[in-house]
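# Summary of the model geometry
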Amino acid sequence: MTTTQPPGPPLGSLPPREHLRLGQIRTVLDVVVPVYNEERDLEPCVRRLHEHLVRTFPYTFRITIADNASTDRTPEVAARLDEAIDEVTAVRLEEKGRGRALRTVWSLSEAPVLAYMDVDLSTDLNALLPLVAPLISGHSDLAIGSRLNRGARVVRGPKREFLSRAYNLILRGSLAARFSDAQCGFKAIRGDVAARLLPMVEDTGWFFDTELLVLAERAGLRIHEVPVDWVDDPDSTVHLVRTATDDLKGVWRVGRALATGALPLDRLARPFGDDPRDRELSGVPGGLARQLVGFCVVGALSTLCYLGLYSLFRLGVGPQLANAAALLVSALGNTAANRRLTFGVRGRDRVVRHQVQGLVVFAIGLVLTSGSLAALDAASGTPAQGTELAVLVAANLAATVLRFLLLRAWVFPDRERADETAAVQPPVPHDRNDLSRSAR
């Protein structure tokens, strides 16, 4: 199946979002149903989904069954549905993994809107059109069904409810995720976004959804949430403990990659001006308010980390050595976090230089805090540890103001951030083949 679409954008940026030219597209929506050993549920699921789309969906569509290495009669059922229904296509993969199945089918699909849902159809299908409408209109880049949104209606047991909410709290605390529900099997993405985003997603299993959403959110893409009606499937074959363990490993891996700037998220950026937040206000330094908020959040977490490390090191060494070691470790993390989160510098270019400059700023903080400790020691002889901590907090507040000014004006100046953003933009390819080669 083919579609007529304009040439792809340069690899350095995504085009501005706009309403799809539906008259030029043969298949608007491709709904993927990933399955593994679902010989009993597959046919009623696909027929129910097909009937719903024929009756309610106003655009052309295709249903793709992604069989990822089933060992029962699932391939036979899928082939029979492919033969019987024009809008159904069956794809067989020889390796397991829901993420692998979605990545493979989405990468091969030419539909401009890609979606997926679990075979049990736990989510009410009336949410499908609200899910994909913002993507068709150009309002959003991704859309997710949410069972934790205020308007959702959910029926499920306390065990799954607890695990779901706990997992999303972990995502908010560790990866600063703002979306409400990472695991609901009801999601959609624009095809042009998927072409850029999928190669960055490493996971091939259940963590695939979370990784996709976290990277999209960090790149500044818009995620639309739809509250859904959802009824738990008591016969679900998902292994909760193994899935939870794999998810936590994935959280650690993605968090480390984001902290070190290892992911080229700039290739997911929209052109400057597409986001209303890009508009400049006369007399207001660009990004100052956002930078102050980011710096304060990073600074508060760094201070807690520093105090914890100081208290730990103080058990075995003197106050000066404990202060230096705690400040050094927290300074390295602080510079890395501010580099990415506060000042928006991505990639590994100049990362060593930035850390060296950050260590210079650290040295200034060390002089302030060590000088404060020396003055306290000279004034009171053997001060209590609580007094030491209070003096250090005051000294760190003074050092924090100076740190922000130095980071903004010297370590991450506006001109350098602009240069680094331009540096990651490769030459514009001449045609689609050049674009494909560049992506590989």
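Scroll up a little and you will see the structure.
Residues numbered from 1 in each chain as written. Predicted model: local features only at pLDDT ≥ 70, side-chain atom pairs only at ≥ 80, totals over all residues. Heavy atoms only, no water.

## Digging into the nonpolar core
The cut-off we apply is this: Residue types Ala, Val, Leu, Ile, Met, Phe, Trp, Tyr and Cys, when buried and joined through side-chain atoms within 4.5 Å, form a set referred to as a nonpolar core. Under the scheme applied here, a residue whose accessible area is under 20% of the maximum for its type counts as buried, over 50% as exposed, and between as partly exposed, the area being computed with a 1.4 Å probe on protein chains only. Think of it this way: any DSSP run of H or I at least four residues long counts as a helix, any run of E at least two long counts as a strand, and we number them from the N terminus. In what follows, a contact means two residues having at least one pair of non-hydrogen atoms within 4.5 Å.
Core analysis: the biggest nonpolar cluster contains 42 residues, and W106, L142, F179, L197 and L215 have the highest contact counts within it. Those elements that provide at least two residues to this core are α3 (98-108), β4 (113-117), β5 (142-146), α5 (158-175), α6 (191-197), α7 (208-218) and α8 (240-260). Broken down by element, this core gets its largest block of residues, six residues, from α7. Excluding its chain neighbours within four sequence positions, the residues that come into contact with W106 are V32, L114, A115, Y116, I189, L198, F208 and L212. The next biggest cluster of nonpolar side chains, apart from the first, holds 40 residues, and it includes L49, F61, I65 and W230.

## Structural notes on the environment of G294
Within the secondary structure, G294 is located in helix α9 (residues 288-313). According to the relative accessible area criterion, G294 is buried, its value standing at 17%.

## Digging into the pairing of β5
For a regular strand, side-chain orientation follows a simple rule: the groups alternate between the two sheet faces. Where we set the bar: At least two DSSP bridges between two strands are needed for those strands to be called paired.
Of all five residues that make up β5, five are buried, and the element is covered over most of its length. Neither face of β5 is open: one carries L142, I144 and S146, the other A143 and G145, and all of them are buried. As paired strands, β5 and strand β7 (residues 186-190) are joined by three bridges and run antiparallel to one another. Across the sheet, residue I144 finds its bridge partner in β7, namely K187.

## Thoughts on the pattern of salt bridges
Filter applied, for reference: Salt bridges are defined as contacts in which a side-chain nitrogen from Lys or Arg sits within 4 Å of a carboxyl oxygen from Asp or Glu.
Applying the stated criterion across every chain, the model contains 22 salt bridges. Here R253 and E211 are joined by a salt bridge, their closest N and O atoms 2.8 Å apart. Pair noted here: R253 is in helix α8 and E211 is in helix α7, with a separation of 42 residues, a long-range link. The exposure class of E211 is buried, given its relative accessible area of 2%. Counted as one network, the salt bridges with shared partners bring together R98, D118, K187 and D209.

## Focus on helix α2 (residues 74-84)
How we decide: Arc, as used here, means the arc of the directions from the helix axis to the C-beta atoms.
Listed as buried for α2 are T74, V77, A78 and L81. What you see down the axis of α2 is that its buried residues fit within an arc of 100 degrees, all on one side. Considering only its buried residues, α2 is in contact with β1 (29-35), α1 (42-56), β2 (61-68) and β3 (88-93).

## Things to note about the packing of aromatic side chains
As a reminder of what qualifies: Paired rings are identified among Phe, Tyr and Trp, the last through its six-membered ring, by centres lying within 6.5 Å, and are further divided according to the angle between planes into stacked (under 30 degrees), edge-to-face (over 60) and tilted (the rest).
Scanning all chains against the criterion turns up seven aromatic pairs. Geometrically, the ring pair formed by F343 and F404 is stacked, given 6.4 Å between the ring centres and 25 degrees between the ring planes. Here F343 is found in the loop between α10 (319-342) and α11 (351-380), whereas its partner F404 is found in helix α12 (residues 385-411), with 61 residues between them in sequence. The exposure classification of F343 matches that of F404, with both residues buried. Grouping aromatic residues by their ring pairs yields a cluster made of F295, F343, F404 and F412.

## Structural notes on the packing of α3 against α7
Worth spelling out the cut-off: Here an angle of 0 to 180 degrees is reported between the N-to-C directions of two axes, which are lines fitted to C-alpha atoms, with helices fitted over the stretch in contact. Any angle that is under 35 degrees is reported as roughly parallel, and any over 145 degrees as roughly antiparallel; angles of 65 to 115 degrees are reported as roughly perpendicular and all others as oblique. Three classes are used, and their members are as follows: Ala, Val, Leu, Ile, Met, Phe, Trp, Tyr, Cys and Pro are nonpolar, Asp, Glu, Lys and Arg are charged, and the others, Gly among them, are polar.
Where α3 meets α7, the axes come as close as 9 Å, and the angle between the chain directions of the two elements is 55 degrees. As summarised for this structure, α3 and α7 are arranged oblique, according to the angle between their axes. Between α3 and α7, the residues in contact are R98, G99, L102, R103 and W106 and F208, D209 and L212, respectively. Here the residues of the contact of α3 with α7 sort into four nonpolar, one polar and three charged.

## Looking at a nonpolar patch on the surface
To keep things clear, this is the line we draw: Each patch is built from residues lacking any salt bridge and having more than 30% relative accessible area; the joining distance is 9 Å for like charges and 5 Å for nonpolar side chains (Val, Leu, Ile, Met, Phe, Trp, Tyr). Note on areas: these come from Shrake-Rupley sampling with a 1.4 Å probe, and a residue is covered only by the protein chains present in the view.
On the surface, a cluster of nonpolar side chains totalling about 570 Å² of accessible area is made up of V352, V356, V360, I364, L368, L402 and W410. Where the nonpolar patch is concerned, the elements lending two or more residues are α11 and α12. Ranked by residue count, the leading element in the nonpolar patch is α11, at five residues. Among the structural elements, I364 can be located in helix α11. A relative accessible area of 33% means that I364 is categorised as partly exposed.

## Concerning the environment of S164
Looking at the secondary structure, you find S164 in helix α5. When the C-alpha positions of S164 and D181 are compared, they lie 8.0 Å apart, and in sequence the two are 17 residues distant. Contacts of S164, omitting those with residues within four sequence positions, involve R147, L148, R156, D181 and Q183.

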